[in-house]
Amino acid sequence: MVDNTQVGSPILHLRGITKSFGGIHVLKGIDLAVERGSIQGLIGPNGSGKSTLFDIITGYQKPDDGVVEFVGEEINGQLPHVISRAGLIRTFQLTKVFPNLTVAENLLVFASGVGDESKKDAENRAVELLDFVHLIGLHDREASTLSYGQLKLLEFAQVLMHRPQMLLLDEPFAGVNPGLIDELVDHIREMRKRGLTILLVEHNLPIVAQLCDRVAVVSGGQIAMNDVPEVVVNDPDVKEVFLGDA
Ligand SMILES: Nc1ncnc2c1ncn2[C@@H]1O[C@H](COP(=O)(O)OP(=O)(O)O)[C@@H](O)[C@H]1O
Ligand SMILES: [Mg+2]
């Protein structure tokens, strides 16, 4: 096994995370340290436990054992809204987009949860975020009229409305029109430039390779390797798993 815990001052630190469902050991001791300000990839075959790990990190499931540390504090056992208020946010594959609200309203519904920000400040931030994701021209359209790709952009703006320190993205490119992929890639890079740390689960290896600073591989319930993308995507075992799993 590789020791993944030796990164200087990680923002997210997982130690010995285990989880079983009805006697099936899905996670068998996940150790991973994510460096602040980085884009950390997480890959692995379908059913290897990546989404389960996201659930555990964000408080939607409890690990059987192990510790989740965020900004130096143990957060395992805390409720999802407490964790999101601490600045660790995940995307939900569009389930938080309200179809009958306008694009702008879809952002403002999340403003109330953010400290004691005034309504005016929240509106200004919503405008700035819609500008960032290039949806400003559609601010008064009902969300139900947006394309799937535009909804993804709206979802990005929604999570940024929470002013996160760290984002967990679970297959954000799945189902996205190839013409929009470059734009999403640019937005994720820009988020990192703004100081966000990103943990990205993604099946598309070329996207992982171009975006991530490091890529961890989940295999057999553990982190089998965590290295720069060039090393990981050229690893014979990784190639075999991904070619056999398309
Ligand atoms: N709530 C649950 N109850 C029972 N089994 C689950 C539950 N969540 C996930 N699993 C199982 O755990 C394994 C890992 O699933 P998942 O975390 O979704 O993998 P991945 O995201 O890597 O594809 C799968 O075998 C899945 O069926
Ligand atoms: Mg999954």
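Note that the structure is a prediction, hence the values are computed from the model and not measured.

## A short note on the sheet that holds strand β2 (residues 24–35)
Okay, so step 1: Pairing is antiparallel across the open sheet formed by four strands, whose spatial order is β2-β1-β4-β5. The open sheet is flanked by β2 and β5 (73–74), the only strands paired with a single partner.

## Quick look at the site of ligand 1
Okay, so step 1: Every residue near ligand 1 is listed here: Phe21, Val26, Gly44, Asn46, Gly47, Ser48, Gly49, Lys50, Ser51 and Thr52.
Okay, so step 2: With three residues, the top contributor of residues to the shell around ligand 1 is helix α1 (residues 50–57).
Okay, so step 3: For the shell around ligand 1, the per-class residue count stands at two nonpolar, seven polar and one charged.

## Structural notes on the pairing of strand β7 (residues 166–170)
Okay, so step 1: Of all five residues that make up β7, four are buried, and the element is covered over most of its length.
Okay, so step 2: Bridge count between strand β6 (residues 88–90) and β7: three bridges; the pairing is parallel. Opposite arginine 90, over in β7, you have leucine 168 as the bridge partner.
Okay, so step 3: Here β7 pairs with strand β8 (residues 197–201) via five bridges, running parallel.

## Some points on the sheet that holds strand β3 (residues 39–43)
Okay, so step 1: Within the open sheet, the six strands sit side by side as β6-β7-β8-β3-β9-β10. Their pairing is mixed. At either margin of the open sheet sits one strand with a lone partner, and together these are β6 and β10 (222–227). Neighbour-to-neighbour, the strand axes of the sheet open up by a mean angle of 20°, direction not taken into account.
Okay, so step 2: Two elements, β3 and strand β9 (residues 214–219), share four bridges in a ladder whose sense is parallel. Looking across to β9, one finds that leucine 42 is bridged to alanine 216.

## As for the packing of helix α4 (residues 119–132) against helix α5 (residues 148–161)
Okay, so step 1: Where α4 contacts α5, the two axes come as close as 9 Å, and the packing angle between them is 145°. Relative to α5, α4 is oriented so that their crossing is right-handed. Touching Arg125, Ala126, Leu129 and Leu130 of α4 are Ala157, Leu160 and Met161, all from α5.
Okay, so step 2: In the contact of α4 with α5, the residues fall into six nonpolar, no polar and one charged.

## Structural notes on the environment of glycine 221
Okay, so step 1: Mapped onto the fold, glycine 221 is located in the loop between β9 and β10.
Okay, so step 2: Residues glycine 221 and leucine 27 lie 194 residues apart in sequence; the distance between their C-alpha atoms is 4.1 Å.
Okay, so step 3: In this view, glycine 221 contacts His25, Val26, Leu27, Lys28 and Gly49; residues no more than four positions away in its chain are not counted.

## Structural notes on the domain arrangement of the chain
Okay, so step 1: Along its sequence, the chain is organised into domain 1 (1–87 + 164–246) and domain 2 (94–163).
Okay, so step 2: For domain 1 and domain 2, the distance between their C-alpha centroids amounts to 25 Å.
Okay, so step 3: Examining the composition of the side of domain 1 that touches domain 2, we find that three residues originate from one element, helix α6 (residues 178–193), more than from any other.
Okay, so step 4: Residues belonging to the side of domain 1 that touches domain 2 are distributed by class as follows: six nonpolar, four polar and no charged.

## Section: the environment of isoleucine 207
Okay, so step 1: Residue placement: isoleucine 207 occurs in helix α7 (residues 205–211).
Okay, so step 2: When the C-alpha atoms of isoleucine 207 and phenylalanine 173 are compared, they prove to be 8.9 Å apart, with 34 residues separating the residues in sequence.
Okay, so step 3: Among all residues touching isoleucine 207, those that are not within four sequence positions of it are Phe173, Ile181, Val185 and Glu202.

Cut-offs applied
- Residues numbered from 1 in each chain as written.
- Chains lettered and ligands numbered in written order.
- Predicted model: local features only at pLDDT ≥ 70, side-chain atom pairs only at ≥ 80, totals over all residues.
- Pairing = 2+ DSSP bridges.
- Helix = DSSP H or I, 4+ residues; strand = E, 2+ residues; numbered from the N terminus.
- Near = placed C-beta within 6 Å.
- Nonpolar A, V, L, I, M, F, W, Y, C, P; charged D, E, K, R; others polar.
- Buried ≥ 20, exposed ≤ 12 C-beta atoms within 10 Å, placed from the backbone.
- Axes fitted to C-alpha atoms, helices over the stretch in contact; angles between N-to-C directions.
- Left-handed = near helix turned anticlockwise from the far one by under 90°.
- Contact = placed C-beta atoms within 7 Å.
- Domains from an automatic or database assignment.

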